[in-house]
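Spelled out, the chains give:
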Amino acid sequence: MAKKKKQLPLPLYEEVKELNESLFNDQSAWGVPSYLKENMVHTFRYYQDGALRFFHYSQVANEFRFRNVNHVLFNMATGSGKTDLMAGLILYLYQEHGYQNFLFLVNTTGVLNKTIDNLTNKGSDKYLYAPSIEIDGERVEIRQVSTFPKTQSKNTIYLKLATVQRVAADIYTQKENAMGEEDYARDKVVILGDEAHHYSASTKREKETEQSWEKAIATILNARADNKLLEFTATIDLDNKNVYEKYKDKVLYRYALDRFIQDKYSKNVKRIQSSNTDIDNMMNVVLLSEYRRRFALEAHDTYIKPVIMFKSQRVDASNAAHEQFNELIENLSVDSLKVFLDRQAQIATEDASETLAMAHDYYRHNEENLADIVRDIKRELAPSRIINANDTSQSGILEKGHYEALNSLESPTNLYRVIFAVARLTEGWDVLNLFDIVRLSDDPKAKGTKATTMSEAQLIGRGARYYPFLLDGERSFTRRFDDDSQDSLVLETIHYHTINEPQYLKNLVSALDEMNLPTGEDKKNPLLDVKVKPSFKRTDAWKHGKIYYNETVEVDDAYYDSLEKYGVDTKNDVVMPYIAALKEVSYKDEQVGEDYTNAYHVPLTFDKRYIEKIMNRLSFYHFANLKKYIPLLTSRESFLDEQWLNIYNRTIYVTIPRTMDSSVLTPIEKLTILERYFTDVAKQIKAGYSKHRGTGKFIGYPIKEYIANYRKRVPNYDTGRMKLQQDPQTVQRYELREGYFVYDSAIINLTEKQFIDRIAERVSELKEVYEDVYLIRMDENMHRESAKNNKLKLHQFGSGHGEVNLAGFQPDFILYLQNADYFIQIFIEPKGRNIEEEQWKEDLLTHLNEHEAEIIFEDETTDVKIKGVRFYTMHDGRGTIKQLGEMLLGRAFQGLSVEEL
């Protein structure tokens, strides 16, 4: 087993983290100000909230009152939204601490141009602020400048964006219209240093260079006592003792790449290793990419445009590969495709890529359509849809239009599918629909140095950003499918196609490990058998015992005769907050209303073309799908009529700041606002429709018929911390020999294993009261393909549920206890993440205890009790074990730890 790297102490981070935890449930805990929610296009995710909160505490908490915390570093994963955080910090420092001058630094023009769009270009799709920024009723302007003015205007934020090379040159070489040290001393300045790992060269060398970037930044920071330096990076080399000494008391917040992937904000990452030639690898990735596009359309009725990137070590080799690729596509025919597929089948090994095998099988099974498929490939991957991102000169200028195209690859109007590049796209490139990176074997002798493989690992991390494609009319900003399933491998996984050279692979894996980027080889992952123990099959519990779930009743189609039955209001006018309509929204955010004190409602003007475009775009509104949820609907057009949505007899209002002119709403913004409304309606319809609803009547299902053997995969990570058994979310197979556990093993994560261990510690105490004590793992794989699976679900019943969810769920564990007087069944759900999003499940579990009088049984038995407990979290943070003791023994278990108490 790989050893877990020792964590070096980071005093500032640990101190603020401890302060944050102590204030978590305190009234003095700080929340994100309303002016940030109102003026930012994106809703902050929980970790961005945390980063901003940590910074706030470092500036105002009593613990830091006599310290000038003016230099901090945010160590956050690639793709986690560091620029969003910067944008929020600009407004925070302006409003709370009176800063008007901000200097953004980075070392590449590519990142610089992207950030100019993010922070200053209102016409860009990537602009991060509202079109009109308003704080406390005052309109605030963000003005891009090359020098900070000597006389500064009220309600103005001055933003200088430049490369660190340019700023350093200006510091060391005084010239007209350039900013020297004295200019940064005149008014207080905040430096925002992006890709900060580039700014420690002198520190690493243990020698101060006379005119280094690092020294120039320090000169600006030290020009005034109240100047601040906020640095941002995904890769800080704390293993270097000099870098560690520099940053140990400056790292303020950390959000690691493995946590980003565990939280499902990214794609999964798989490596495809083959000994094929570059040409064969090109052909394989073409087939895989087209398979992705077709699979999305055929299996999920949604369109995606998967992008391929070909990565080379040298520009001349990249350009040659570009020509080879064009020839490959031009010469592709049905016959050559068949020959290629036959050859790949002949050379396939047991360790061959599972995803490529699925793609190859798709084309073999569609042999009669290969002519159409080849025609589509030639259209989709034509030369006009390829970008060569290599500089042809030292100017660093791409072919006209290519810079904008590279930064808008997700746009429906952007048709580019293929990119050839060397080093241009390793930093600052925001792309979501990159699904394949192919490392070409430019030089047979090249082993891949540590520097080059680290650069490739960083590129993989950047490409792993999640693509929020439409599914059932909804966009999700987190992964939706089970890892390693067909859906996940095709639609939620980025594949890195490597060269099969041992030293190169060793260096690449080492670089991925160093970045803590969880990846695994894309190879067949066998299903493992989990079996009911023979010893359990000899017990009375197996022979005569039952497990209980509540009955559902069928709802007649005639019931759904209006959208009110789904919880949709079709009588009153609609009010859509302008900013919220453009945000990424999480479960938690939807529970909290926006503050629009200084705002007003304006009618949204639109015609039928807008509605038609949205209903065509959102597959939920395709008639065949609508009909599934609204059985009485006669046509898609009638959905808009008075009987149903009544859209044309009501007014849709948009809430906008008073300083914003309603006439500035663009057609795209109108479309986005209407799409958000129709998406909300789709969610309500889906949540409010079910052919079955839960009741308070519980049915007993014989254990011997419903507790069955099953098969399941163990995710095959071999890089990053997720390969370690110590990580709470790492799934492993555990052998469980103890008699209280029904199965011979369990394929579970560490949180679930810890829960099992804590129950094991209490079995002897429970057996003093209960003759039978068994813990049953209710894995969804038990009856995945069987109708039995739908029966073994707990459904909401009665009233008083915060969030209505009619689908029901299967809690992960049942604690089965019986004595001479009665039988108790307790539903238990360990939870390591997504607690807020799945709070309705915990509410349902506790609902069982609060509404015990509403529970009845089919056989009118009185000796059965059905209970539920709070989520079990790591180290029992919610006191679940204590709750179990009080429920089962009338007291706490003996020997509870401080955590459990």
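Details of the structure are given in the entry above.
This structure is a prediction, so every number in the text was calculated from the model and none was measured.

1. A look at the overall build of the protein chain
From N to C terminus, the protein chain includes 32 helices and 31 strands. Within the protein chain, the proportion of its 901 residues that are buried is 56%. Considering only intrachain contacts with a sequence separation of at least 6, the fraction spanning at least 24 residues in the protein chain is 77%. Total accessible area on the protein chain is roughly 39,300 Å²; 47% of this is exposed by carbon and sulfur atoms.

2. Observations regarding the pairing of strand 8 (residues 251-255)
Counting buried positions over the 5 residues of strand 8 gives 4, a clear majority of the element. Here strand 1 (residues 71-76) runs beside strand 8; their pairing, made up of 4 bridges, is parallel. Residue pairing in the sheet places Leu73 in a bridge with Val251 of strand 8.

3. Section: the environment of Thr478
Tracing the backbone through its elements, the reader meets Thr478 in the loop between strand 15 (474-475) and helix 19 (486-491). If we skip the residues at most four places from it in the chain, Thr478 touches Asp263, Lys264, Tyr265 and Tyr466.

4. Remarks on the nonpolar core
With 118 residues, the main nonpolar core has Phe74, Tyr129, Tyr184, Leu230 and Ile419 as its most contacted residues. In contact with Leu230, other than residues within four places in its own chain, are Phe55, Val72, Phe74, Leu89, Leu93, Val190, Ile191, Leu192 and Gly193.

5. With respect to the packing of helix 6 (residues 164-172) against helix 9 (residues 213-221)
Between helix 6 and helix 9, whose axes approach to 9 Å, the crossing angle comes to 70 degrees. Classified by the interaxial angle, the pair formed by helix 6 and helix 9 is roughly perpendicular. Two packed elements cross with a definite hand, and for helix 6 against helix 9 that hand is left-handed. Two secondary-structure elements touch here, helix 6 through Val164, Gln165, Val167, Ala168, Ile171 and Tyr172 and helix 9 through Trp213, Lys215, Ala216, Ile217, Thr219 and Ile220. Partitioning the contact of helix 6 with helix 9 into residue classes produces 9 nonpolar, 2 polar and 1 charged.

6. Remarks on the side chain of Ser353
With respect to the helices and strands, the residue Ser353 is situated in the loop between helix 14 (334-347) and helix 15 (354-365). By relative accessible area, which is 9% here, Ser353 ends up buried. For Ser353, the side chain forms a polar contact with the main-chain nitrogen of Thr355, separated by 3.3 Å. If sequence neighbours within four positions are ignored, Ser353 has contacts with Ile272, Asp522 and Lys523.

7. Thoughts on the sheet that holds strand 28 (residues 813-818)
Strand order across the open sheet formed by 4 strands is 27-28-29-31, with mixed pairing between neighbours. This sheet does not close on itself; its edge strands, each paired only once, are strand 27 (772-777) and strand 31 (864-868). With direction set aside, neighbouring strand axes in the sheet form an average angle of 15 degrees. The pairing of strand 27 with strand 28 spans 6 bridges and is classified as antiparallel. Bridging across to strand 28, Leu775 finds its partner in Leu815. Packing of helix 31 (residues 839-850) onto the sheet brings it into contact with strand 29 (823-828) and strand 31, and relative to strand 31 it is tilted by some 140 degrees. The strands that helix 32 (residues 880-888) touches are strand 28, strand 29 and strand 31; relative to strand 29, the one it contacts most, it runs at about 165 degrees.

Analysis parameters
Residues numbered from 1 in each chain as written. Predicted model: local features only at pLDDT ≥ 70, side-chain atom pairs only at ≥ 80, totals over all residues. Heavy atoms only, no water. Helix = DSSP H or I, 4+ residues; strand = E, 2+ residues; numbered from the N terminus. Buried < 20%, exposed > 50% of the residue type's maximum accessible area, 1.4 Å probe, protein only. Contact = heavy atoms within 4.5 Å. Areas by Shrake-Rupley, 256 points an atom, 1.4 Å probe, with all protein chains shown as cover. Pairing = 2+ DSSP bridges. Core = buried A, V, L, I, M, F, W, Y, C linked by side-chain atoms within 4.5 Å. Axes fitted to C-alpha atoms, helices over the stretch in contact; angles between N-to-C directions. Parallel < 35°, antiparallel > 145°, perpendicular 65-115°, else oblique. Left-handed = near helix turned anticlockwise from the far one by under 90°. Nonpolar A, V, L, I, M, F, W, Y, C, P; charged D, E, K, R; others polar. Polar contact = N/O pair within 3.5 Å; in protein donor to acceptor, adjacent residues only side chain to side chain.

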